[in-house]
Amino acid sequence: MGRELGNKALINEYILGELGTKQPVSLFDVNNLNPDNVEGLLSDFEFKNKQVEYVMYGKSTPGANYAAALLELIMILLVCNAISGVFDPKVKKAFKIHFLLGLATLLAVTIVETVKDIETLTKSDDTDRDDKKVSFFKNKIGVIDPRKLKLSYRDYLRLMLLFDRDNQYSRTLAVVEQVSGQNKIGTKPTQIKITNSAKIKPWFLSNAVKTFTKLDSNLINDELEIKSELYYSY
C-alpha cells in the first residue's frame, strides 16, 4: 500500500512538473470585467494552462475542468476550515452561550475563511509570480500549531491527484502525446534491463560470494562466473 502510494505520488509529480498548470491569475479581480483585460480572465481557462485539470476530470471544455478543480478545492477548504473553526476562540465562546449560536458562528467562520482562501489561491500579480499560499488550518490545536503548514493551488492539486479517478493515466498519456508530438507513447518501453557478466579465478572460497552477496554466481572449471542484473526506468 505504501509503495503503491509512493509510486502514484512520483507519477503525480511528473504530471505537475511537465504538464501545464499555472498559478491562477486573478479569478476575483474586478479588472477582469474590463473588456480591455479579457486576456487576463481567459488565460486561467485555457487548456495550455490547465492541462493537469483535464487529466483529473477529462471534460471536453478546459474551463469546465478548471471549474471542477475549484469546486473540489472549495469542498476541501470547507472541511479543513470547519475543523479548524472548532478551535477558534470566538466559536468556543459562542458554544458556551448556546449551541445554536456556536453552530451559526462556526458556519460563518468556515464560509468567511474559505472565501478568503479561494481569493488568495486564485490571484497573482505582475510583480510577484510566486504561488500564493494559505494555511491548511487557521488555529492551534492544543500544543500543535498547524498554521505553519501553508499550501498553494498547485499543492492542493498535488493532494487531489492522489484521489482515485477513472482513466486518469490514459488521459495523461494523451496529453503527453499531444504536447510532445510523439504517438503511441503508451506502447513504448519505459524500462531497460542491463545484464553484466564476468569470469574470475577466485583466491578465496567461492561459496563466500553466494553467502555474502546477492550476485548470481557459478563455479565452472575453477573460474567463477558472476552475473548481475540492473533495471533502469526512464
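Residues numbered from 1 in each chain as written. Predicted model: local features only at pLDDT ≥ 70, side-chain atom pairs only at ≥ 80, totals over all residues. Heavy atoms only, no water.

Some thoughts on the environment of Arg 154
Stage number 1. Tracing the backbone shows Arg 154 in helix α7 (residues 153-160).
Stage number 2. Apart from the residues within four sequence positions on either side, Arg 154 is in contact with Leu 16, Thr 21 and Asp 131. (Helix = DSSP H or I, 4+ residues; strand = E, 2+ residues; numbered from the N terminus. Contact = heavy atoms within 4.5 Å.)

A few points about the environment of Phe 95
Stage number 1. By secondary structure assignment, the location of Phe 95 is in helix α5 (residues 89-97).
Stage number 2. Since its relative accessible area comes to 30%, Phe 95 is described here as partly exposed.
Stage number 3. Sequence spacing of Phe 95 and Leu 106 is eleven residues, and the spatial spacing of their C-alpha atoms is 9.1 Å.
Stage number 4. Ignoring anything within four residues of it in the chain, the contact list for Phe 95 reads Gly 102 and Leu 103. (Buried < 20%, exposed > 50% of the residue type's maximum accessible area, 1.4 Å probe, protein only.)

Observations regarding unusual backbone geometry
Stage number 1. Even without glycine at this site, Asn 167 takes up a positive phi of about 60 degrees.
Stage number 2. One can find Asn 167 in the loop between α7 and α8 (168-180).
Stage number 3. Asn 167 gets classed as exposed once you look at its relative accessible area, which sits at 54%.

Overview of the side chain of Lys 138
Stage number 1. Secondary-structure assignment places Lys 138 in the loop between β1 (133-135) and β2 (150-152).
Stage number 2. Here the side chain of Lys 138 touches Asp 117 through a polar contact of 2.7 Å, side chain to side chain.
Stage number 3. Residue contacts for Lys 138: discarding those within four places in its chain leaves Asn 81, Ser 84, Glu 113, Asp 117 and Arg 147. (Polar contact = N/O pair within 3.5 Å; in protein donor to acceptor, adjacent residues only side chain to side chain.)

Quick look at the pattern of salt bridges
Stage number 1. Under the defined criterion, the tally for this structure stands at eight salt bridges.
Stage number 2. A salt bridge links Glu 72 to Arg 165; the shortest N-O distance between them is 2.8 Å. Taken as a pair, Glu 72 in helix α4 (residues 62-85) and Arg 165 in the loop between α7 and α8 lie far apart in primary sequence, 93 residues in all.
Stage number 3. The class of Glu 72 is buried, set by a relative accessible area of 16%.
Stage number 4. For Arg 158, the salt bridge is made with Asp 155, and the minimal N-O distance between the two is 2.7 Å. A residue pair is termed a helical-turn pair when its members lie 3 or 4 positions apart in one helix, as Arg 158 and Asp 155 do in helix α7 at three residues.
Stage number 5. A single network of salt bridges, built from pairs that share partners, joins Glu 13, Asp 155 and Arg 158. (Salt bridge = Lys/Arg side-chain N within 4 Å of Asp/Glu carboxyl O.)

In short, the description is geometric, and any link to function would need to be established separately.
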